[in-house]
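Given next are the chains, with one letter for each unit.
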Amino acid sequence: MTVFSRGMAPGPPADTYRSGLRAWLDEHDLSPGAGYDGSLDAQVAQLDRVRRELWDAGWMRYGWPEAVGGRGGPSALRAVLGEEVAARELAEPGLYSMVEVLVPTLLSYAPPALATAMVPRLLSGQEQWCQGFSEPGSGSDLASLTTRAVRDGDTWVINGQKVWTSLAQYAARCVLLARTGPDPGHAGISAFFLDMDTPGVTVRPLRTMHGVDEFAEVFLDDVRIPADRILGRPGDGWRLAMDLLPHERSTCFWHRVAHLYTRLDRLLDDAAAPGDEAAALGEAYLALHTVRCRSLTTQHRLADGARLGPETSVDKILLATAEQQLLDTVRDVLPGAVELHDSAWRTEYLYSRAATIYGGTAEVQRNIVARRLLGLGKE
Amino acid sequence: MDAEERELLEETLRKTMTATPSGGGLDAALTELGWPDMLAEEPSAAIRAVFRLLGETGAHAPLVNDVLLYEMGRPLGGALPMPYAGGKWVEWSREASVTGTAVDPGLPLLSVAEGAPVPLTLGRQALAWWLLGTGHAMLALARRHVLDRHQFGRPLASFQALRHRLAETLVALEGAEATLVHADGELSSLLAKAAAGRAALTAARHCQQALGGLGFTAEHPLHRHVKRTLVLDGLLGSTRELTREAGRVLAARGAAPRLVHL
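- By the naming in an unreviewed UniProt entry, chain B goes by Acyl-CoA dehydrogenase and is assigned to Streptomyces flaveus.

### Considerations on the pattern of salt bridges
And then number 1: Under the definition given, this model contains 39 salt bridges over all chains.
And then number 2: Between A:Glu217 and A:Arg204 there is a salt bridge, with the nearest N and O atoms lying 2.6 Å from each other. Placement of the pair is A:Glu217 in strand β7 (residues 215–226) and A:Arg204 in strand β6 (residues 201–205), with a sequence separation of 13 residues.
And then number 3: The buried category is assigned to A:Glu217, whose relative accessible area is 10%.
And then number 4: Residue B:Asp104 pairs with B:Arg228 through a salt bridge whose shortest N-O separation is 2.7 Å. Taken together, the residues B:Asp104 in the loop between β2 (89–92) and β3 (109–112) and B:Arg228 in helix α9 (residues 222–234) connect sequence positions 124 residues apart.

### Quick notes on helix α11 (residues 344–352) of chain A
And then number 1: All buried positions along α11(A) are accounted for by A:Trp345, A:Glu348, A:Tyr349, A:Leu350, A:Tyr351 and A:Ser352.
And then number 2: Of the surrounding elements, those touching the buried residues of α11(A) are β7, α8 (237–270) and α10 (312–333) of chain A.

### So, the interface of chain B and chain A
And then number 1: Every contact between the two is made by 41 residues of chain B and, on the other side, 47 residues of chain A.
And then number 2: Overall, the association of chain B and chain A removes approximately 3900 Å² of surface from exposure, summing both partners, and the carbon and sulfur fraction of that is 67%.
And then number 3: Interface area lost by chain B to chain A is led by B:Arg163, B:Arg258 and B:Leu262, which between them contribute 22%.
And then number 4: Between B:Arg258 and A:Asp265 there is a salt bridge, with the nearest N and O atoms lying 2.7 Å from each other.
And then number 5: Our count for the contact surface shared by chain B and chain A stands at 16 residue pairs in polar contact (both at pLDDT 80 or more).
And then number 6: Counting residues per element, the ones that place at least two in the side of chain B that touches chain A are α6 (121–148), α7 (160–181), α8 (186–211) and α10 (239–253) of chain B.
And then number 7: No other element matches α7(B), which puts 13 residues into the side of chain B that touches chain A.
And then number 8: Taken together, the residues of the side of chain B that touches chain A break down into 23 nonpolar, 10 polar and 8 charged.

Conventions adopted
Residues numbered from 1 in each chain as written. Chains lettered and ligands numbered in written order. Predicted model: local features only at pLDDT ≥ 70, side-chain atom pairs only at ≥ 80, totals over all residues. Heavy atoms only, no water. Salt bridge = Lys/Arg side-chain N within 4 Å of Asp/Glu carboxyl O. Helix = DSSP H or I, 4+ residues; strand = E, 2+ residues; numbered from the N terminus. Buried < 20%, exposed > 50% of the residue type's maximum accessible area, 1.4 Å probe, protein only. Contact = heavy atoms within 4.5 Å. Buried area = accessible area lost by both parts, 1.4 Å probe. Polar contact = N/O pair within 3.5 Å; in protein donor to acceptor, adjacent residues only side chain to side chain. Nonpolar A, V, L, I, M, F, W, Y, C, P; charged D, E, K, R; others polar.

Here it is, written out as C-alpha cells:
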C-alpha cells in the first residue's frame with residue numbers, strides 16, 4: 001500500500017472489534033427495510049445504505065489508512081466486518097466485497113491526492129465503482145485485450161469495449177485497462193481511473209441466466225481521460241491487475257465463505273428431514289470447513305507480512321468447488337426448490353454455476369497450480 | 001518448539017524412519033529417540049511431525065496405540081482395540097511375531113472383538129497427518145514420473161489432463177492440511193481426518209493414473225502408499241462415515257458450527 005501503509009494506526013484487536021461491532025449492529029438494525037424487493041436496484045440502494053451507516057459509525061473505516069478517512073488497523077478487521085455483514089444478510093456479499101479490490105488498487109497506484117479525494121466516496125456509500133478488465137475477445141486471456149488508449153496532448157483517447165463489468169450501470173468511476181503501447185502482450189497495458197459520465201461511455205446491462213443484471217457491457221468511443229488519471233505509469237496495467245488477486249482472495253473470500261455458511265444454515269432450516277440427508281450435508285459442510293480453514297491460514301500469512309501469490313489459486317479452487325457443491329446439495333435436498341418456484345434458492349443455484357468461471361476459470365487456476373506450485377514446466 | 005528445533009527434529013526423525021526397519025524396530029528406535037516424552041510435552045507438535053513423516057517416508061510403527069493411551073491418561077506402550085470402519089474393531093499389534101491380513105502387508109493389524117470405547121480426537125489427528133504425508137509421497141512420485149517420462153515426443157508433464165489431475169491432488173492435500181492445522185477439538189479433528197482421508201484417496205487415484213503401468217507393478221513404491229491409504233482411511237472411522245457423522249451433527253444442531261475464527 002505504498003505511501004498509505006506508513007504510520008497506520010494499529011487498530012483494535014479483532015476480538016474487541018468484533019464484539020463492539022456486534023453490539024452496535026444489535027442496536028442498529030441495518031437489515032433491508034419493508035420496501036425491499038430484492039431487485040438489483042434495491043440491492044444497490046441497500047448496499048449504499050449499509051456502507052454509509054457503517055462509515056458514519058466508524059466500523060467501515062478500520063483496516064484503511066487515515067489519509068482516505070480510515071482509522072488504520074489490519075485488513076483482518078475488514079474481513080471481520082464483511083463476515084458480520086454476510087452473516088446478518090445485510091448486503092449481497094459479492095457486491096459488498098468489491099471495495100476490497102478497488103480501494104487497494106487506488107491506494108497503490110493512484111496519485112495520493114486522487115486516492116484521498118475519491119476513496120471516501122466509495123467506502124461511505126456515496127458512489128459505486130466498477131472494474132473494466134474483461135473484453136469480448138479477452139476473457140481468460142486477459143493480456144490479449146484490445147481496448148486502446150492513444151495519447152493526445154494532456155489526455156488519453158480511449159476506444160474499445162468491455163464486458164462482465166459488475167455494476168457499471170450504477171458506477172460513477174471505473175478502473176479501466178487499455179493498451180497504450182505497441183507491445184501486444186502484458187507490457188503494453190495501462191490502467192486508468194475513468195469518470196463514467198465522460199462523453200463516449202455507453203453502458204448496456206447484460207441479461208444473465210440467474211435473472212440479475214449485475215454485469216454490463218461498456219462501450220468506449222473516443223472517450224477522453226485526463227493524463228493525470230492514469231494509475232501508475234504507462235505499462236503498469238498488468239502488474240496492477242495481478243496485484244488485485246491477493247486482495248480478492250483474502251478478505252473477499254472470507255466474506256464469501258461466511259455467506260455460504262448462512263446458506264447452509266438456511267438449507268438446514270428448509271430441509272424437511274435433514275437427518276436423512278446426513279451424508280450430503282456432511283460433504284457440503286466438510287468442503288466449507290476446509291475452505292474456511294484455508295482462508296484463515298491465508299489471512300494469518302497476510303497478517304505476518306507475507307506477499308500472497310499463486311498459492312491463492314488453491315483457495316480459489318476450494319471456494320468455487322465448495323460453492324457449487326453446496327448449491328448442488330440444496331437442489332438435491334430440496335427437490336423442486338430450484339426448478340418449480342421462483343425463489344432465492346433458484347437465483348443462488350444459478351449464480352453458483354459461474355463460481356468456476358469468474359475471477360479466473362477453474363482450468364486457469366489448475367494451470368497455475370501445475371506450473372507455479374508443482375513446477376511442472378510449460379504445457 | 002521453534003522453527004529451527006522443529007527442522008532438526010524432523011531431520012532426525014526422517015533419518016531414523018528411513019534407516020530403521022518398520023514395525024517393532026522403528027517402534028523401539030522412536031522410543032529411544034524420546035517419542036514418549038515428546039508426546040507428553042508437546043502432543044500436537046509431536047503428533048504432527050512423527051505421523052506426517054511416517055507418511056512421507058512410507059515407514060510404519062504402531063504409535064497410534066500410544067496416542068490413544070496418552071489421551072486416556074494411561075501409560076504408553078502396548079496395544080488396545082481400536083474402532084475401524086463398518087463397526088469393526090482391530091488391534092495394531094506390537095508383538096514381533098504377528099503378521100496381519102491387511103491389504104497393506106507390512107501392517108500387523110488383527111481383527112478383534114469390540115473393545116472399550118476410546119477417545120478419538122488425537123488419534124484422528126495422528127492418522128490424518130499420516131494420510132497427508134502418504135498423499136504427498138504419492139504426489140512426489142507422480143510428479144517425478146511425469147517430468148521424466150516422454151510419450152508422443154513430449155514429457156507427460158506437458159499434457160494438461162495430467163497436469164490437472166496433479167493440481168487437483170495438491171489442492172486436496174493443501175485443503176486437508178489447513179483443516180489439520182486448525183484441528184483442536186472433537187468435531188474439527190473428525191473433519192480433519194475426513195479431509196485427509198479424502199485427499200489421500202484423491203492422491204491415490206490421480207497419481208496411480210499418472211504413473212500408468214509402472215505404478216501398477218510391485219517394483220514401484222506407489223502401491224505401498226495406495227494400500228496404506230486404504231487401511232488408514234478406515235481406522236477410527238472412514239472418510240465416508242465421518243462426513244456422514246458431521247452431517248448428523250448439523251442436522252441435530254440445526255446449524256453449521258463455525259469452528260475457526262479470525
